[in-house]
Structures are given as C-alpha cells and as structure tokens.
Amino acid sequence: MAETILAIDIGSTKIAAVIAEVADDGSITVTGHGVVRSQGVKKGIITNIELASKSIKKAVTDARRIAGKNISNATVSISNAYARSLNSTGIVNIPHQDISIKEIKRVMDTALYNANIPNEFEVIHVLPYNFKVDEQDFIEDPYGMNASRMEVDVNIIITQKSALSNLTKAVRSAGLEIDGIVLNSYASALAVMGEDERELGVCVIDMGGQTSSLIVHIGNSIRYNDFLAVGSNHITNDLSMALHTPLETAEKVKIRHGNLLEKSSESIELPVIGDSENRNTISLEIAHSVILARVEEALMILSKSLDKSALREQIGSGIVLTGGLTKLKGIRELAQAIFHGMPVRIGYPRELGGMYEELKDPSFSTVIGLLLYKAGEHTQYEIDHSKTLLHHKEIQTTNVTDIAEFDKKETAPKELKQKREPIDLGLDLGEGIQQNTLDLDQEGDLFAAAGKKREGNPFSRFVNWAKQLF
Ligand SMILES: Nc1ncnc2c1ncn2[C@@H]1O[C@H](COP(=O)(O)OP(=O)(O)OP(=O)(O)O)[C@@H](O)[C@H]1O
Ligand SMILES: [Mg+2]
C-alpha cells in the first residue's frame with residue numbers, strides 16, 4: 001500500500017513543505033507543496049520558536065490543502081550551522097561466522113560507543129564508509145558473508161543539542177511529529193547526486209540565502225561536511241550598502257542584473273534609502289564588482305575547506321553546486337576557476353512524478369532530498385537520530401540503544417527472534433543433514449533445504465531440547 005510522506009526544509013529564507021506518495025515499487029509522486037517566507041530562522045538556526053512554528057504550520061497547511069491529506073509526521077532538515085562530524089571505528093567478533101543485520105548493527109553501535117561525543121552534542125547520523133570483514137577491506141556490503149571478525153569505519157554527524165531541541169519544539173508547536181531529521185547538506189546531496197558521481201566521489205555545495213554548506217560523498221557515504229554562514233542574502237546586503245538603495249531593490253538588482261561573467265557598462269536608476277523623492281544613477285559595473293567580491297570570497301573559503309578535508313584527490317567526479325545562490329549567472333565558471341579546474345555543474349533536484357515546475361529549482365534540492373531519504377534512499381546502513389538502524393534488508397528497522405543494552409533488547413520481529421534460540425528440530429531433515437540445534441539464519445535455510453515444516457508446540461520442543469542436554 002502506498003505510504004504518504006511529508007518533508008519540510010526549514011531554510012533561512014523560505015520554508016518548503018512537500019507531501020508525496022511512495023508506491024510499493026518505491027516510486028515517489030509529489031501530491032502537494034507549500035512554500036512560505038521564513039520567519040524566526042537565521043543562518044539556518046531557529047531564533048524564534050513561535051514565529052518559526054507559524055511559518056512551518058502555514059507551509060504544511062498549504063501542502064495539505066493541495067494533497068488532500070492530513071499527514072502529521074514530518075521529515076525535517078537541520079542546518080549545518082551547529083553540526084560537526086567525527087570518525088570512529090568499531091570491531092566485533094562474529095560468534096556464528098554469519099553476518100546478519102544483528103552483527104552489522106552491533107559493529108556500528110560499537111563504533112558509536114567508541115566515539116568521543118561531546119556532552120552538548122547529539123548524534124543525527126552514523127554513516128559507515130568502510131566495512132572490513134576478516135582481513136578484507138572495502139567490502140561493499142557485509143550482509144550474508146561468513147567471517148569471524150568485522151570492522152567498520154563510520155562518519156558520525158553530530159549537532160548541538162540546543163539547535164536540535166529548538167527545531168523539535170518549533171515543529172511540534174506546529175502540531176507535527178518528527179519522523180526523521182536529516183542534515184541539510186546530506187538531503188541536498190541525495191537530491192542532486194547521480195549514480196556515477198556517488199561512485200566516483202563528489203563534493204556537493206548548497207549555497208542558500210544565509211548559509212553555504214559543503215559535503216564530500218565518497219563510495220556510499222558522506223565523509224566530510226563543513227559550513228559557512230554566507231549566502232545570497234549577503235550579496236543583497238552588500239549591494240544595498242554599496243548602492244545606497246533599499247534591500248528590496250538590491251535583491252531585484254541581484255536577480256535581474258547579477259552576472260559574474262559579463263561586466264555591463266549600462267547605468268540604472270535606483271531609489272535611495274530613506275529618500276522617496278530622489279533616485280540615484282548607478283553604473284552596473286559597481287553592482288558587478290560587489291557581487292563578484294562576495295561570491296569569490298565565499299567560494300575561496302569553501303575551496304580551502306575542501307583542501308582541509310584532505311579528500312580532494314578522492315573526488316573523481318567534481319563539484320555539484322546547488323541552492324538558490326547558484327542561479328547567479330556565471331557561478332559555475334567562477335567556481336571552476338577557484339576549485340583549480342575541477343569539473344563543476346549546477347545541481348537541480350531529481351525529478352519526481354507529479355513534481356510542480358516551481359520545485360524544479362536548485363532552491364528545492366533539500367526538500368526533495370528529504371523525500372528521497374524518507375522513501376529509503378539513505379546510506380545503505382545508517383543509524384539515524386532516533387538510534388534506529390536504517391537498512392534495506394528484509395527486516396525493516398531495528399532499534400539500537402546503549403551498547404550494554406544491545407544484546408538484551410528485543411530487536412528483530414517476533415518470528416525471527418523466536419528462531420534465535422537453539423531448538424530441537426524434532427524431525428529428521430533427511431538428505432544427510434544431521435543437526436539438532438541450530439541458530440537463527442541456519443534454521444530457515446535448513447528447513448528450506450529439507451522442504452519440511454517445523455512441528456510440535458514450543459513446550460514440547462523445549463522438553464526435547466532439554467532432553468538433549470542430559
Ligand atoms: N538569480 C539569483 N542570483 C543570486 N541569488 C539568487 C537568485 N535567485 C534566487 N537567489 C537567492 O537564493 C536565496 C534562496 O535560496 P534557498 O532557497 O536555497 O535558501 P534557503 O534554503 O532558504 O536558505 P539556507 O539554505 O541558507 O538556510 C535567496 O537569498 C535569493 O535571493
Ligand atoms: Mg537551504
């Protein structure tokens with residue numbers, strides 16, 4: 001049955017809510033959206049819970065009206081502003097030599113346990129980027145493999161507790177429950193990356209209204225993320241000051257005349273701040289220099305950040321720029337020069353069924369990425385903000401808690417959990433198979449091999465099993 005999902009990108013300039021239906025085959029169809037101007041959000045962070053909550057509510061109400069669905073669980077973006085990432089490693093022994101979801105969860109949980117998470121931070125994503133099985137490195141997917149030892153390297157993305165709690169409050173005050181929290185740049189990357197780019201390594205930069213965030217994605221995971229509190233609004237502010245014109249006019253100049261490639265010698269007349277009587281005649285050359293200076297500086301800082309990651313050499317496919325600022329003419333060419341000739345392209349969000357024209361724009365990469373995340377396009381294995389292990393195997397989700405608690409917890413669905421105890425099969429499996437007790441995964445396989453069903457009630461099976469012991 002189709003599932004209805006709701007994604008909300010809480011940006012510095014706009015809040016976008018999108019509702020979609022996910023069909024059984026995984027295809028996503030957008031059914032409604034609402035976009036409102038952000039209030040109570042600055043540089044990606046909630047600065048006024050009440051105002052932010054009102055904007056969220058309005059965007060969601062608009063989306064619900066179009067979709068005709070009253071969904072109240074939302075997957076939301078969290079700004080990179082107070083996010084950090086750190087690497088950690090986990091190693092576990094595999095007693096039964098068979099790697100199932102339980103072992104993958106255990107090794108990732110160990111890596112999380114080994115990490116030194118500062119007190120004031122909370123984990124939002126644990127993303128494995130290298131599985132090692134026995135001595136074999138870079139295993140794509142360890143699931144189902146036979147090994148006595150498994151190791152994992154993970155990238156843990158954390159955010160300041162206060163930022164997360166304010167976001168949660170604003171969303172809850174809007175009458176919604178959160179069913180997913182995704183780092184802003186992670187969501188944008190999901191929406192714009194192509195298959196080959198993921199494989200070869202890519203750097204995705206989302207340049208929005210007040211923020212720019214950068215991630216490096218290599219193999220099947222994010223390896224690095226960074227943040228710069230500069231966005232397109234800074235260009236508007238610079239223009240307003242340099243041209244002595246109101247912000248609203250400066251914004252129009254930026255959008256209509258902003259061009260990093262060509263310098264126009266034309267002049268335009270602009271209103272003057274605080275003087276409704278007079279107008280100034282301004283040469284567009286000045287506007288060009290102001291815009292160029294700001295964007296050049298931002299891109300140079302981002303390029304330095306990429307150097308700092310020490311991953312530049314591993315990025316085989318280049319840079320993808322997305323977010324509202326990347327609609328500025330000539331930004332691709334300028335970025336290419338600043339990033340030492342690396343290939344650069346502008347990233348539009350992946351097109352989904354039923355997607356409105358308005359959403360086919362780099363400003364909406366994050367919200368589309370949130371839908372993709374919720375629909376299952378997250379990293380192959382991932383521990384999310386609620387400590388749930390997300391994966392694509394037959395067991396849907398399992399809760400991971402404290403490492404010490406881990407083995408005690410009921411994690412698998414009931415019938416699988418029952419299979420975990422050693423049991424007396426109470427029958428002859430035939431075809432030379434001699435086995436009295438077996439474990440979780442083997443049992444299913446052997447029954448299938450023998451083509452027989454388990455017989456007897458649980459009590460008689462227990463008595464039989466007890467008899468085996470004496
Ligand atoms: N052609 C253009 N040239 C430059 N900037 C533009 C252009 N078109 C739109 N913008 C800017 O894009 C910004 C909005 O982008 P976006 O929607 O990605 O931001 P956001 O997600 O709300 O903010 P953030 O990601 O920083 O929290 C606005 O500041 C707007 O002025
Ligand atoms: Mg944004």
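The structure this text deals with has already been given above.
Residues numbered from 1 in each chain as written. Chains lettered and ligands numbered in written order. Predicted model: local features only at pLDDT ≥ 70, side-chain atom pairs only at ≥ 80, totals over all residues. Heavy atoms only, no water.

So, the overall build of the protein
Where we set the bar: In this text, helices come from DSSP runs of H or I with a minimum length of four residues, and strands from runs of E with a minimum of two, each type numbered from the N-terminal end. Only protein chains enter the accessibility calculation, which uses a 1.4 Å probe; a residue is then buried when its area is under 20% of its type maximum, exposed when over 50%, and partly exposed in between. Contact criterion: two residues are considered in contact whenever any of their non-hydrogen atoms come within 4.5 Å of each other. To be clear on the numbers: accessible area is Shrake-Rupley with a 1.4 Å probe, and residue cover counts the displayed protein chains and nothing else.
When helices and strands are tallied, the protein shows 14 helices and 21 strands. Taken across its 470 residues, the protein has 53% of its residues classed as buried. A sequence separation of at least 24 residues applies to 65% of the contacts in the protein between residues at least 6 apart. Summed over its atoms, the accessible surface of the protein is roughly 21,900 Å², and 48% of this surface lies on carbon and sulfur atoms.

Digging into the sheet that holds strand E13 (residues 212-218)
Condition: By definition, two strands form a pair when at least two bridges between them are found by DSSP. Only the stretch in contact is used when fitting a helix axis, every axis being a line fitted to C-alpha atoms; angles between N-to-C directions are given from 0 to 180 degrees.
With mixed pairing, five strands are arranged side by side in an open sheet as E14-E13-E12-E17-E18. The sheet terminates laterally at strand E14 (221-228) and strand E18 (344-346), the two strands that pair on one side only. Looking at each pair of strands side by side, their axes are set apart by 20 degrees on average, direction ignored. Taken together, the three bridges between strand E17 (residues 318-322) and E18 define a ladder with parallel strand orientation. When the bridges of E18 are listed, Val320 appears paired with Arg345.

Focus: the layout of surface pockets
Which entries qualify depends on this criterion: Grid points spaced at 1 Å and placed over the protein atoms alone form the basis of the search, with a cavity being a set where a 1.4 Å probe fits but cannot get out and a pocket an open set showing protein on both sides within 12 Å along at least five of seven lines. Lining residues have an atom within 4 Å of a point. Grid points are joined across faces, edges and corners, and a volume is the space filled by probe spheres set on the points. Gly is put with the polar residues, along with every residue not named as nonpolar or charged; the nonpolar set is Ala, Val, Leu, Ile, Met, Phe, Trp, Tyr, Cys and Pro, and the charged set is Asp, Glu, Lys and Arg.
Considering only enclosed or pocket space, the largest pocket measures out at about 1,200 Å³ in volume. Of all the secondary-structure elements, those providing two or more residues to the lining of the largest pocket are strand E1 (3-10), strand E3 (28-37), strand E4 (41-42), helix H6 (232-243) and helix H7 (247-257). Classifying every residue of the lining of the largest pocket by side-chain character gives 13 nonpolar, 24 polar and 11 charged. In this structure, the second largest pocket occupies an estimated 570 Å³ of space. Contributing to the lining of the second largest pocket are 25 residues, with Glu140, Ile218, Gly219, Asn220 and Gln380 lying nearest its centre. Listing elements by their share of the lining of the second largest pocket, those giving two or more residues are strand E8 (121-133), strand E9 (136-139), helix H4 (184-192), helix H5 (195-200), E13 and helix H10 (365-377). When residues in the lining of the second largest pocket are grouped by element, the largest group, four residues, is from E8.

What to know about a negative patch on the surface
Heads up, the rule is: Like-charged residues are merged into a patch within 9 Å and nonpolar side chains (Val, Leu, Ile, Met, Phe, Trp, Tyr) within 5 Å, provided each residue has over 30% relative accessible area and no salt bridge. Whenever Lys or Arg places a side-chain nitrogen within 4 Å of a carboxyl oxygen from Asp or Glu, that contact is recorded as a salt bridge. When charges are counted, neither His nor the chain ends are considered; positive counts come from Lys and Arg and negative counts from Asp and Glu. Charge coordinates come from a single atom per side chain, which is NZ of Lys, CZ of Arg, CG of Asp or CD of Glu.
A cluster of like negative charges, contributed by Glu140, Glu195, Asp196 and Glu199, occupies part of the molecular surface. Among the secondary structure elements, Glu195 is positioned in helix H5.

Quick notes on the sheet that holds E1
The mixed open sheet is built from five strands, whose spatial order is E3-E2-E1-E6-E11. Because the sheet does not close on itself, it has two edges, and the strands there are E3 and strand E11 (177-183). The mean angle between the axes of side-by-side strands here comes to 20 degrees, regardless of whether they run parallel or antiparallel. In this structure, strand E6 (residues 73-78) lies alongside E11, joined through six bridges in parallel fashion. Counted as the bridge partner of Val76 is Ile181 from E11.

Here we look at empty space enclosed by the protein
One pass over the full model with this rule turns up two cavities of 30 Å³ or more. Taken as a whole, the largest cavity encloses approximately 70 Å³ of empty space. Lining the largest cavity are Ile10, Val41, Gly44, Ile45, Ile46, Ser77, Ile78, Ser79, Ala163 and Leu167. Mapped onto the lining of the largest cavity, the elements with two or more residues apiece are strand E5 (45-46), E6 and helix H3 (161-173). A breakdown of the residues in the lining of the largest cavity according to their chemical character gives seven nonpolar, three polar and no charged.

Observations concerning the site of ligand 1
The condition that has to hold: Near is defined per residue: the residue qualifies when any heavy atom it owns lies within 4 Å of the molecule or strand. Distance and chemistry together define a polar contact, namely a pair of N or O atoms within 3.5 Å, with one atom able to donate a hydrogen and the other to accept it when in protein, and with adjacent residues in sequence counting only for side-chain atoms on both sides. In this description, a molecule resides in a pocket or cavity if more than half of its atoms sit within 2 Å of the grid points defining it.
In the vicinity of ligand 1 there are 19 residues, among which Ser12, Thr13, Ser232, Glu251 and Lys254 approach most closely. Here Thr211 contributes a side-chain N or O atom positioned 2.8 Å from an oxygen atom of ligand 1. Side-chain polar atom of Asn233 to an oxygen atom of ligand 1: 2.8 Å apart, as the coordinates give it. Taken by itself ligand 1 offers 660 Å² of open surface, and the protein chains cover 91% of this. With respect to the pocket detection grid, ligand 1 is positioned in the largest pocket. Mapped by element, the contributors of at least two residues to the shell around ligand 1 are H6 and H7. Element by element, the count of residues in the shell around ligand 1 is highest for H7, at three residues. Tallied by class, the residues present in the shell around ligand 1 amount to three nonpolar, 12 polar and four charged.

Digging into the pattern of salt bridges
Following the criterion strictly, the structure yields 20 salt bridges and no others. One salt bridge in this structure joins Glu151 and Arg149, with 3.8 Å as the shortest N-O distance. Note on Arg149: relative accessible area 34%, which makes it partly exposed. A salt bridge links Arg345 to Glu197; its shortest N-O distance comes to 2.8 Å. With Arg345 in strand E18 and Glu197 in helix H5, this pair connects stretches of sequence that are 148 residues apart. The exposure class of Arg345 is partly exposed, given its relative accessible area of 29%.

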